[in-house]
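Now for the letters of each chain:
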Amino acid sequence: MNTRAKIFAVIAVLALAGGGYWWSNRHRSEGPLVLQGNVEVRQVNLGFKVAGRIAQLDVDEGDKVEAGKKMASLDKVYFTDALRQMKAQREQSAANLAKMVAGNRPEEISQAEANVADREATLANMQLTVERAQKLLKNSAGTQKAYDDATQAVKQAQAQLDSARAAEKLMKAGFRQEDIDLARAQLADRDAAIAIAERQLADADLFAPATGVVLSRVRELGAIVNAGETVFVVSLTTPVWVRSYVSEPDLGRIKPGQDVELRTDTPSIKPLKGRIGFISTTAEFTPKTVETRELRTALVYRLRIVADDPEGVLRQGMPMTITVLEPASGAPALVSQESAK
């Protein structure tokens with residue numbers, strides 16, 4: 001009897017525990033899901049893409065900046081001088097290419113033709129001299145040396161005529177296609193150098209990438225900065241996210257695009273609207289900074305909630321209470337752009 005009583009007692013305890021767990025889950029699913037989280041505001045370190053001396057600072061700490069607003073400028077004298085130099089070299093390359101494409105001038109070709117005619121006349125004269133020297137040699141009135149000199153003079157005149165004719169042919173043919181291609185490539189190189197110089201000149205101005213607030217001004221007027229060195233630290237006002245975590249039993253109660261209500265600990269700040277933009281696909285242990293009702297060893301999933309903060313009242317790290325609003329019956333939740341990231 002004692003054994004039977006013990007078995008019935010164990011069964012009763014298990015039944016009560018199972019019923020309590022079922023009642024707890026049912027009771028929890030009937031009410032709204034409340035989560036805890038913290039505000040995340042992205043910050044960006046802004047610096048110039050090129051090195052130089054800071055010549056102008058247009059904003060200071062605490063100033064609000066819009067996307068595209070000029071925040072600072074470098075001394076541009078070196079950039080403008082380099083650009084002028086590149087443009088001058090480009091004009092030189094363009095003139096050289098135009099000369100090669102156009103070919104030689106008619107006056108140069110006429111000069112080459114006249115040089116050929118001169119060499120032809122010289123050769124004809126040398127040939128007459130050889131004929132006279134040969135007749136004198138046959139009549140014993142001339143010498144062998146005179147005949148040999150005249151013969152060598154003919155050969156020399158013939159070589160000079162061949163050289164003049166080749167020069168005339170080259171003058172009429174113009175420049176080789178390979179030389180023209182080389183000149184065209186040099187011109188393209190100058191164009192690319194000008195584009196780089198113009199880009200460097202434009203990069204001497206620092207613009208705000210998005211709407212935000214200047215948190216700090218790291219460098220002062222007149223400072224020499226390297227490319228990429230931080231000059232301003234800007235806190236972006238949009239988008240504002242709230243990081244939170246949801247336990248595994250509550251994971252099925254949320255979906256991307258679902259609306260939430262955000263509350264701060266400050267009574268004067270009205271509740272804000274938001275929507276779930278991202279649900280992590282990987283479980284992790286609860287961070288020590290997160291306050292949940294479950295044990296800290298329980299697995300949770302990270303959430304990113306996009307907050308609607310038109311008045312800019314949220315600040316980095318501010319604790320938030322998140323109430324997940326149930327979607328309307330039969331109406332699927334919309335998936336926001338953040339859920340795709």
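Quick summary incoming for the structure in this document.

A look at the overall build of the chain
Looking only at helices and strands, one finds five helices and 13 strands in the chain. Across the 341 residues in the chain, those meeting the buried criterion constitute 28%. Long-range contacts, defined as pairs at least 24 residues apart, comprise 78% of the intrachain contacts of the chain with a sequence gap of at least 6. For the chain, the computed accessible surface area is about 21700 Å², with 55% contributed by carbon and sulfur atoms.

Description of the environment of Ala164
Mapped onto the elements of the fold, Ala164 is located in helix α4 (residues 144-173). Judged by relative accessible area, which is 4%, Ala164 ranks as buried. With 52 residues separating them in the primary sequence, Ala164 and Ala112 have C-alpha atoms 7.0 Å apart. Not counting the four nearest positions on each side in its chain, Ala164 is found in contact with Asn115, Val116 and Arg119.

Some words on the sheet that holds strand β7 (residues 224-225)
What holds strands together in a sheet is hydrogen bonding between their backbones, with the strands either parallel or antiparallel. As summarised here, the arrangement of the four strands in space is β5-β4-β2-β7, forming an open sheet in which the pairing is antiparallel. One side of each edge strand has no neighbouring strand; the edge strands of this open sheet are β5 (205-207) and β7. Inspection of the sheet shows strand β4 (residues 70-74) paired to β5 by three bridges, in the antiparallel sense. The residue bridging Ser73 from the neighbouring strand is Asp205, located in β5.

Some points on the pairing of strand β13 (residues 319-324)
Of the strand pairs in this sheet, strand β1 (residues 33-47) and β13 are connected by six bridges, and their pairing is antiparallel. Residue Gln36 lies in a different strand from β13, and its bridge partner there is Thr321. When strand β9 (residues 259-263) meets β13, the two strands line up antiparallel, connected through four bridges. Note that in β13 the partner of Glu261 across the bridge is Thr323.

A short note on the pairing of strand β2 (residues 52-57)
On any regular strand, side chains alternate: one points to one face of the sheet, the next to the other face. In this structure, β2 lies alongside β7, joined through two bridges in antiparallel fashion. Along β7, the bridge assignment pairs Arg53 with Ile224.

Some thoughts on the pattern of salt bridges
Following the criterion strictly, the structure yields 17 salt bridges and no others. Taking the shortest distance from any N to any O, the salt bridge between Arg184 and Asp181 comes out at 3.5 Å. Separated by three residues within a single helix, Arg184 and Asp181 lie in helix α5 (residues 177-202), roughly one turn from each other. Taking the shortest distance from any N to any O, the salt bridge between Arg263 and Glu261 comes out at 3.2 Å. When salt bridges that share partners are traced, they join Asp60, Arg217 and Glu220 into one network.

Considerations on the packing of aromatic side chains
What the rule picks out here adds up to zero aromatic pairs. Lying over the aromatic face of Trp241, Arg304 brings its terminal NZ or CZ to 4.2 Å of the ring centre. Directly above the ring of Phe278 sits Arg304, whose terminal nitrogen or CZ lies 5.6 Å from the centroid.

A few points about the nonpolar core
Counting residues in each nonpolar core, the largest one holds 22 residues, and the members touching the most others are Val39, Val242, Ile254, Leu262 and Leu314. Elements that contribute at least two residues to this core include exactly β1, β8 (230-247), β9, β10 (272-279), β12 (299-307) and β13. Membership of the second largest hydrophobic core comes to 20 residues, among which are Leu46, Phe48, Met71 and Phe79.

Topic: α5
Between its terminal C-alpha atoms α5 stretches 37 Å, which fits the 38 Å expected from 26 residues at 1.5 Å a residue. Turning to α5, its buried residues are Ile180, Ala183, Leu187, Ala193, Ile194 and Ala197. Lining the buried residues of α5 we find α2 (77-102).

Remarks on the side chain of Thr264
Residue position: Thr264 is located in the loop between β9 and β10. By relative accessible area, Thr264 is classed as buried at 14%. A polar contact of 3.3 Å, which involves the side chain of Thr264, links it to the backbone nitrogen of Thr266. Apart from residues lying up to four places away in sequence, Thr264 is in contact with Ile269, Leu314, Met318, Pro319 and Met320.

Quick look at the environment of Glu131
As for its position among the elements, Glu131 is in helix α3 (residues 106-138). Taking the relative accessible area as the measure of exposure, Glu131 reaches 46% and is therefore partly exposed. The spacing of Glu131 and Thr151 is 20 residues in sequence and 9.3 Å in space, taken between C-alpha atoms.

Here is what the cut-offs are and how they apply
Residues numbered from 1 in each chain as written. Predicted model: local features only at pLDDT ≥ 70, side-chain atom pairs only at ≥ 80, totals over all residues. Heavy atoms only, no water. Helix = DSSP H or I, 4+ residues; strand = E, 2+ residues; numbered from the N terminus. Buried < 20%, exposed > 50% of the residue type's maximum accessible area, 1.4 Å probe, protein only. Contact = heavy atoms within 4.5 Å. Areas by Shrake-Rupley, 256 points an atom, 1.4 Å probe, with all protein chains shown as cover. Pairing = 2+ DSSP bridges. Salt bridge = Lys/Arg side-chain N within 4 Å of Asp/Glu carboxyl O. Phe/Tyr/Trp six-rings, centres within 6.5 Å; stacked < 30°, edge-to-face > 60°. Lys NZ or Arg CZ within 6 Å of the ring centre and 35° of its normal. Core = buried A, V, L, I, M, F, W, Y, C linked by side-chain atoms within 4.5 Å. Expected span 1.5 Å × (residues − 1). Polar contact = N/O pair within 3.5 Å; in protein donor to acceptor, adjacent residues only side chain to side chain.

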